Amino acid sequence: MEELGYTTLETTKPNYLNLLQEINKLSSLSTNLNAINITVIETIFNNVTENIDRISDQMVHHKSSMFLITTLNIIVRISAIDGSDLFISRQPFQSMFEKLNDLIYCIGIKKDYSPVIATDIFDAILLNLAKDDFIEICFRRILSNETVTTKEFINNYLTKANEHISLRVQCVTMAILSLIWNLTDKLAITSIFIDTGYIQKIIQWIQTDIFASDISDIGNLIVNIIYNLTRDKTALKQLRAEKAFDILMERKQLIYNENDSQMIQSYGWALIALATSDEQSEENKKLILDTSKNLYELCKKSDQEDDLRFEGCHLSEFLELLDRAFTNTYVIKHILEDKINEKSTAIEYFIELFLSFYGALLDPEPDELEKRAVKYLLRILLQISSYPEYLKQLIDNNQFCIIIESLANRPKRDDAKRIWCNIQQVISTNEQKKERSSKIYISYDRTDEEFCKEFVNELRKRTTIPIWVDYENVDLSDDVWEYVSPNIILATVVITLVSTAYGESTNKFQELSYIISTNKSRDEKKGLIVVATEPNFNFNRSWMKDLLHDKTMVLYENNIGHMAWNVCEQIGVLKKPRIKCLNWLSKNVRKKTAQSDDFSARTLKLIPENDKVYSQKESSQMDDSTDILLISKTRSSPSIVSELITQTGSVGGSTWV
């Protein structure tokens, strides 16, 4: 130890470079865990813990944030190297989480820190670490696994009730949760937490007795982690799959009993993001309505601030949440109901806010947060424009229409194009409709693309009518609506592939509203067909139910080919009607006897796929309208023919089976 000079380190106050030089020795020391090296490592850990505040306070702010990153780097790398769990479970290592979290918190809220510089450094270093999987390894170890024996890991603390858990372990757990809260706020690294299993763990934690008993200490941390994760699309999908909304609702009274305004606010925000249906109980609707009204008020308060921030959040975050809330029909109608001189005050507010911020979309070097705010403003205005009763107020504002038209003529402005298209549809309702040749347009959500591809392939086997679907005609980088809208207008039939994901999409709401508004020129019964892409589908959004409840629907089946046949039958465009196929089969049967060996399996292969023979067991799964003979697949070809002959007949010259 004297040889390495660590005695001096213990008795002096190291500066930034001295400390980093000592920290740099940890990697080599960790590869040989003898008694001397363990003592040296603990000494370094202790020095970091004792001096991190003093050193960072002496630095200018961007350097202190770099010091923060360096320290995080150390923690992650030691965690990755330490396969024995020896260091990760010790007090000096764990207390560093507290110091780290304090520094991250300061960067986030103190105005004298440079958030831009700190964020750039933070993102760059964390992404570097992510490439090496160091952060993932670190958090996998914090989550714990079956081989860990120590009780001082976060997952063990939260999932295994133990009356004798020390105060130190509780404090360390809170520090780690605080760090996770801060890190999950960085969208660039959210995927790491998804990959390490945090979605499943966080849902498990909120259901434990420890969460209930220690809610005053850990409740706000866990609820905010859940909210942060909902901002990532993949994480949101996984949380919904874990029934996170229902589980959070079960904890509603427990959370409200704490009377913690910040926790209740984050709880409401998480629920708005997680809700997949607006068919809620009245009690739950009230909670979401109250949260949405609060978000609307927070928008108005934050846009009055010079930095567009209120209570630590930027206007863009409030608008993003409000955009999500507006997917609930009852929310948007409630927020927009207050009127002065027959005009919604909320619509006027969103229009004026947009007119004051739209320049961020034209600025070659925009403020990114302002640009994000305008993005969600446009999405809110898009939702408003999809309701005919609100669209008129947008049209009445000439300046708004001029700017929307200008933006719609620019590339990469799909939302503006959709709004302008809604406006034009009202303005041009009296124009004479062009004559149209037959065309089928497919409306679907990207989540259901695989189903859509198979369905379209099956559809083309049964009809010669041209089918337009975006993935065959539009690059994802293009402005999709520019290509979509004219094809909707020209379509004689629209097939809407509905699903839970379809109901969650603001774009699909606008697209379907536009389809309905152009539907007058189509056949009333055949012009719009609804196809369910998932079993037991129910309309999960009021807007979708309102627009489609009276339309012809084809329910989901395991046989997509049969679904496509049903659609073609509904719109009367079968390429080869089934009766013709059966006539063909009947004629061939008359030529051959039941005992003829010439009627082979090869002959059966000539029967179109949809007219093949199915087993009696399968017949129970098909509806009464099925016009195919159902017999055992296992019988020989002659036997099948014999069965066909004995069960065929004729009505008015047409053969039936």
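Residues numbered from 1 in each chain as written. Predicted model: local features only at pLDDT ≥ 70, side-chain atom pairs only at ≥ 80, totals over all residues. Heavy atoms only, no water.

1. Points about the overall build of the protein
Thought 1: Scanning the protein from N- to C-terminus turns up 37 helices and 11 strands.
Thought 2: In the protein, buried positions account for 53% of the 657 residues.
Thought 3: For the protein, the exposed surface amounts to about 31,800 Å²; the carbon and sulfur share of it is 48%. (Helix = DSSP H or I, 4+ residues; strand = E, 2+ residues; numbered from the N terminus. Buried < 20%, exposed > 50% of the residue type's maximum accessible area, 1.4 Å probe, protein only. Areas by Shrake-Rupley, 256 points an atom, 1.4 Å probe, with all protein chains shown as cover.)

2. Focus: the environment of Phe 539
Thought 1: Considering the arrangement of structural elements, one finds Phe 539 in the loop between strand E8 (528-532) and helix H32 (542-548).
Thought 2: In this structure the C-alpha to C-alpha distance between Phe 539 and Glu 279, which are 260 residues apart in sequence, comes to 9.2 Å.
Thought 3: Sequence-distant contacts of Phe 539, that is, excluding residues within four places in its chain, are made with Met 544, Lys 545, Leu 548, His 549 and Met 553. (Contact = heavy atoms within 4.5 Å.)

3. Looking at helix H15 (residues 233-241)
Thought 1: For H15, the complete set of buried residues consists of Ala 235, Leu 236 and Leu 239. Along the axis of H15, the buried residues cluster in a sector spanning 100°; they form a single face. Facing away from the buried side of H15, by more than 90 degrees, are the exposed residues Lys 233, Lys 237 and Ala 241.
Thought 2: Buried residues belonging to H15 abut helix H11 (190-195), helix H12 (198-206), helix H14 (215-230), helix H16 (244-250) and helix H18 (261-274).
Thought 3: By the N-cap criterion, in which a side-chain oxygen at the helix start approaches the backbone nitrogen of a residue two or three places on, H15 is capped by Asp 232, the distance to Thr 234 being 3.0 Å. (Arc of directions from axis to C-beta. Polar contact = N/O pair within 3.5 Å; in protein donor to acceptor, adjacent residues only side chain to side chain.)

4. With respect to the packing of aromatic side chains
Thought 1: Under the definition given, this model contains 20 aromatic pairs.
Thought 2: With a centroid separation of 5.9 Å and 85° between ring planes, the pair formed by Tyr 198 and Trp 205 is classed as edge-to-face. Considered together, Tyr 198 and Trp 205 belong to a single accessibility category, that of buried residues.
Thought 3: Ring centres 5.8 Å apart and planes at 50° place the aromatic pair Tyr 296 and Phe 350 in the tilted group. (Phe/Tyr/Trp six-rings, centres within 6.5 Å; stacked < 30°, edge-to-face > 60°.)

5. Some details on the sheet that holds strand E5 (residues 440-443)
Hydrogen bonds between backbone groups are what pair the strands of a sheet, and the pairing can be parallel or antiparallel.
Thought 1: The sheet built from 5 strands is open, its strands ordered E6-E5-E7-E8-E9 with parallel pairing. With one partner strand each, in any of the chains shown, strand E6 (467-468) and strand E9 (552-554) form the two edges of the open sheet.
Thought 2: Both E8 and E9 contribute to a ladder of 3 bridges, which runs parallel. What sits directly across from Val 530, in E9, is Met 553.
Thought 3: On top of the sheet, helix H33 (residues 560-571) reaches E5, strand E7 (493-498), E8 and E9; it is set at about 165° to E8, its chief contact. (Pairing = 2+ DSSP bridges. Axes fitted to C-alpha atoms, helices over the stretch in contact; angles between N-to-C directions.)

6. Brief notes about unusual backbone geometry
Thought 1: Phi at Asn 341 takes a positive value of approximately 55°, unusual for a residue other than glycine.
Thought 2: With respect to the secondary-structure elements, Asn 341 resides in the loop between strand E3 (339-340) and strand E4 (343-344).
Thought 3: Within the chain, Glu 342 stands out as a residue other than glycine whose phi angle is a positive 70°.
Thought 4: Since its relative accessible area comes to 71%, Glu 342 is described here as exposed.

7. Here's the deal with the pairing of E8
The side chains of a regular strand alternate, residue by residue, between the two faces of the sheet.
Thought 1: In terms of burial, E8 is a largely internal element, 5 of the 5 residues being buried.
Thought 2: A crossover connection joins E8 to the parallel E9 through H32; in handedness this β-α-β unit is right-handed. (Right-handed = clockwise from strand over helix to strand, strands pointing away.)

8. Things to note about the nonpolar core
Thought 1: Counting residues in hydrophobic clusters, the biggest one holds 127 residues, and the most contacted among them are Ile 222, Leu 319, Phe 350, Phe 354 and Ile 384.
Thought 2: Beyond its immediate chain neighbours, meaning those up to four positions away, Leu 319 contacts Cys 299, Phe 350, Leu 353, Ala 373, Tyr 376, Leu 377 and Ile 380. (Core = buried A, V, L, I, M, F, W, Y, C linked by side-chain atoms within 4.5 Å.)

9. Section: the pairing of E7
Thought 1: In terms of burial, E7 is largely enclosed, as 6 of its 6 residues are buried.
Thought 2: Residues Val 493, Ile 495 and Leu 497 of E7 are buried on one face, and the alternating residues Val 494, Thr 496 and Val 498, pointing to the opposite face, are buried as well.
Thought 3: Sheet topology places E7 next to E8; 5 bridges connect them, and they run parallel. For Ile 495, the partnering residue across the bridge sits in E8 and is Ile 529.

10. Digging into helix H31 (residues 506-517)
Thought 1: Spanning 12 residues, H31 covers 17 Å between terminal C-alpha atoms, matching the ideal 16 Å at 1.5 Å per step.
Thought 2: Along H31, 10 of the 12 residues are buried, which leaves the element largely enclosed by surrounding structure.
Thought 3: Within the sequence span of H31, burial applies to Thr 506, Asn 507, Lys 508, Phe 509, Gln 510, Glu 511, Leu 512, Ser 513, Tyr 514 and Ile 515.
Thought 4: Among the residues of H31, the N-terminal cap falls to Ser 505, whose side-chain oxygen and the backbone nitrogen of Asn 507 are separated by 3.3 Å. (Expected span 1.5 Å × (residues − 1).)

11. Description of the pattern of salt bridges
Thought 1: Counted by the stated rule, this structure contains 19 salt bridges.
Thought 2: The residue Asp 470 makes a salt bridge to Arg 446 at a minimum N-O spacing of 3.4 Å. Of this pair, Asp 470 sits in helix H28 (residues 470-473) while Arg 446 sits in the loop between E5 and helix H27 (449-460), and the two are 24 residues apart along the sequence.
Thought 3: For Arg 446, a relative accessible area of 32% puts it in the partly exposed group.
Thought 4: Each of Arg 446, Glu 449, Lys 453 and Asp 470 takes part in salt bridges that share partners, so that together they form one network. (Salt bridge = Lys/Arg side-chain N within 4 Å of Asp/Glu carboxyl O.)

12. Thoughts on the environment of Ile 465
Thought 1: Along the polypeptide, Ile 465 turns up in the loop between H27 and E6.
Thought 2: Note on Ile 465: relative accessible area 17%, which makes it buried.
Thought 3: Note: C-alpha distance between Ile 465 and Ser 438 (27 residues apart in sequence) is 6.3 Å.

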